[in-house]
Amino acid sequence: MIDETTPPRVDSEVGPLRAVLLHRPGNELKRLTPRNNDQLLFDSIPWVDRAQEEHDAFAEVLRGRGVEVLLLADALRTALADTRAHAAGVHAAVDERRLGPDLADSLRSHLSSVSPAVLAEVLMAGMTFEELPAAEGASLVRLMNHPNDFAVDPLPNLLFTRDSSAWIGDRVAVSSLTMPARVRETAVLDLIYAYHPWFRHASRAYGAHSAPIEGGDVMLLSPGVLAIGVGERTTAAGAESLARSVFADGIAHTVLAVPIQQTRATMHLDTVCTMVAADAVVMYPLSADSLTAFTMRPTDDGSVKVEGPAPFLTAAAEAMGIERLRVIDTGLDPVTAEREQWDDGNNTLALAPGVVVGYERNVETNARLAEAGIEVLAITGSELGSGRGGPRCMSCPIRRESI
């Protein structure tokens, strides 16, 4: 049971993890077919029952280390019990431009009368035209769509809770998601953070309707120091906007904008590296020497000073006030490194300094971490990884202790 008396706060990537937001795979994954999985950003069709078993095991590993787990579906149902949230949820589900005014009105009327649990399921798993409530009169939109086409799109990527929001200090940044398949996730997280009792008074570090930024690109290197990947999902405008926001709020003094390749393999900064200790990262070796960073800091007149680019590892160490940032490579050779990077070898979740969760299939990377004194809690992820995400992607830390 989540301790709602302790306010959320996250100041680093590796402080002892005490509470986390996860999403157990649900019926939204059963909506994936060979016809739509590319559009919905999955590389293959997951075996849903096995994905749920793997996720349950992941959650149990966290609970076994003293982490409170808040499941997104539970949080959404709780939020939707508020009548204002229920009305906002109906609005978020119905796209009048897509359905036309008559069909949209019919669906709104139907969803306004359903329970919070039913509305939550529609928001997460979507709704096909066949599942729409019966309506009087003809609808061209209904007639011209196949019964199994989506009137409300499913959100299979809700699994990756890190991308849709990230806590920075005592504030939450709700992501402005880039890919069309994920845009509506923002509305779901907005509902949770606005109406769930634990978050109702939480301040925002970033608005969901600002320039594109995703939580997988946001890394809290140390208290007051952020790194933001700029690539396929987060734009330079998004990185600068977030930097200005955290400077204005006084929750960061330095932000590093880190250009990354705009490819599927490196969609977020956390596919390139993650922190495993206060002074160490696990990193794809081909990026170690090539990764650069622009350093942003606030000025006395309220503007932002930008310097660089400089080597990322150098800029990060300087901003963190340490001599150097230790690097643990993904794999032992270029081929293994590329394979394990693709299999989310870099995408670890730190439960404490020197203790991380990683996929068991990344044998070489896990061995390198162990050799460096990092404890690896290995989990299976053969089905969870079909959407290109590892333990960090699947978790949004809500509360960490200070290092």
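Residues numbered from 1 in each chain as written. Predicted model: local features only at pLDDT ≥ 70, side-chain atom pairs only at ≥ 80, totals over all residues. Heavy atoms only, no water.

- The protein has the name Arginine deiminase in an unreviewed UniProt entry, where Amycolatopsis speibonae is given as its organism.
- For the record of the protein, the UniProt heading Sequence similarities (unreviewed entry) holds the text "Belongs to the arginine deiminase family."
- Under Catalytic activity (unreviewed entry), UniProt gives the following word-for-word description of the protein: "L-arginine + H2O = L-citrulline + NH4(+)". (UniProt positions renumbered as here; feature names shortened; annotations may be inferred.)

## Here's the deal with the UniProt feature "active site" (unreviewed entry) in the protein
Stage number 1. The feature "active site" (unreviewed entry), as given by UniProt, occupies Cys 393 in the numbering adopted here.
Stage number 2. On the secondary structure map, Cys 393 appears in the loop between β18 (375–379) and β19 (396–400).
Stage number 3. Judged by its relative accessible area of 2%, Cys 393 falls in the buried class. (Helix = DSSP H or I, 4+ residues; strand = E, 2+ residues; numbered from the N terminus. Buried < 20%, exposed > 50% of the residue type's maximum accessible area, 1.4 Å probe, protein only.)

## As for the sheet that holds strand β12 (residues 280–283)
As a general point, the strands of a sheet are linked pairwise by backbone hydrogen bonds and lie either parallel or antiparallel.
Stage number 1. Read across the open sheet, the 3 strands follow the order β11-β12-β15; overall the sheet is mixed. Of all the strands in the sheet, just β11 (273–277) and β15 (326–329) have a single pairing partner and so form its edges. Mean inter-strand twist for the sheet, computed between neighbouring axes without regard to direction, equals 35 degrees.
Stage number 2. Of the pairings in the sheet, the one linking β11 to β12 comprises 4 bridges and is antiparallel in character. Note that in β12 the partner of Cys 273 across the bridge is Met 283. (Pairing = 2+ DSSP bridges. Axes fitted to C-alpha atoms, helices over the stretch in contact; angles between N-to-C directions.)

## Regarding the sheet that holds strand β8 (residues 218–222)
Stage number 1. The mixed open sheet is built from 5 strands, whose spatial order is β8-β9-β10-β13-β14. Two strands bound the open sheet, and with one partner strand each, they are β8 and β14 (304–311). Averaged over all adjacent pairs, the angle separating strand axes in this sheet is 25 degrees, with direction ignored.
Stage number 2. Bridge analysis of strand β9 (residues 225–230) against strand β10 (residues 254–259) gives 6 bridges, and the strand direction is parallel. Along β10, the bridge assignment pairs Ile 228 with Ala 257.
Stage number 3. Here helix α12 (residues 312–320) sits on the sheet in contact with β8, β9, β10, β13 (292–298) and β14, set at roughly 30 degrees to β13. (Contact = heavy atoms within 4.5 Å.)

## Focus: the pairing of β10
Stage number 1. For β10, the tally of buried residues reaches 5 of 6 residues, placing the bulk of the element in the interior.
Stage number 2. Since β9 and β10 lie parallel, the crossover through helix α10 (residues 236–249) that links them has a hand, and here it is right-handed.
Stage number 3. In the sheet, β10 pairs with β13 via 3 bridges, with the strands oriented antiparallel. Across the sheet, Val 255 pairs through a bridge with Met 296, a residue of β13. (Right-handed = clockwise from strand over helix to strand, strands pointing away.)

## A few points about α12
Stage number 1. In terms of residue burial, α12 counts as a mostly covered element, since 7 of its 9 residues are buried.
Stage number 2. For α12, the full list of buried residues reads Phe 312, Leu 313, Ala 315, Ala 316, Ala 317, Ala 319 and Met 320.
Stage number 3. In the stretch just after α12, Gly 321 is the one whose phi turns positive, near 75 degrees.

## Points about unusual backbone geometry
Stage number 1. Following Gly 308, the chain continues to Pro 309 via a peptide bond in cis, the omega torsion being 10 degrees.
Stage number 2. In this fold, Pro 309 is placed in strand β14.

## Topic: the pairing of β9
Stage number 1. Where burial is concerned, most of β9 is hidden: 6 out of the 6 residues are buried.
Stage number 2. Note that β8 and β9 share 4 bridges and pair antiparallel. Note that in β9 the partner of Val 218 across the bridge is Ile 228.
Stage number 3. Between the end of β8 and the start of β9, which pair antiparallel, lie 2 residues, with Gly 224 showing a positive phi angle near 90 degrees.

## A look at the state of the cysteines
Stage number 1. In the structure shown here, the tally under the stated rule is 0 disulfides.
Stage number 2. We note that Cys 273 lacks a disulfide partner, and the nearest cysteine sulfur, in Cys 393, lies 12 Å from it.
Stage number 3. Unpaired in this structure, Cys 396 has its nearest cysteine sulfur neighbour in Cys 393, at a distance of 12 Å. (Disulfide = S-S within 2.5 Å.)

## Considerations on the layout of surface pockets
Stage number 1. Volume-wise, the largest pocket comes out at about 410 Å³.
Stage number 2. Taken together, 18 residues form the lining of the largest pocket, with Ala 92, Asp 95, Arg 97, Arg 98 and Arg 184 sitting closest to its centre.
Stage number 3. Counting only elements with at least two residues in the lining of the largest pocket, the list comes to α3 (83–93), α4 (96–99) and β4 (150–152).
Stage number 4. Of the residues assigned to the lining of the largest pocket, the class counts are 11 nonpolar, 1 polar and 6 charged. (1 Å grid on protein atoms, 1.4 Å probe; cavity = no way out; pocket = protein on both sides within 12 Å on 5 of 7 lines; lining within 4 Å. Points joined across faces, edges and corners; volume = space filled by probe spheres on them. Nonpolar A, V, L, I, M, F, W, Y, C, P; charged D, E, K, R; others polar.)

## Comments concerning the packing of aromatic side chains
Pairs of aromatic rings are described using the distance from one ring centre to the other and the angle between the two planes.
Stage number 1. A complete count under the given rule lists 4 aromatic pairs for this structure.
Stage number 2. Here the aromatic rings of Trp 167 and Phe 199 are separated by 5.9 Å at their centres, their planes lie at 35 degrees, and the arrangement is tilted. Placement of the pair is Trp 167 in strand β5 (residues 165–168) and Phe 199 in the loop between α9 (185–195) and β7 (203–206), with a sequence separation of 32 residues.
Stage number 3. On the accessibility criterion, Phe 199 (1% relative accessible area) is buried.
Stage number 4. A network of ring pairs unites the aromatic residues Trp 167, Tyr 193, Trp 198 and Phe 199 as a single cluster. (Phe/Tyr/Trp six-rings, centres within 6.5 Å; stacked < 30°, edge-to-face > 60°.)

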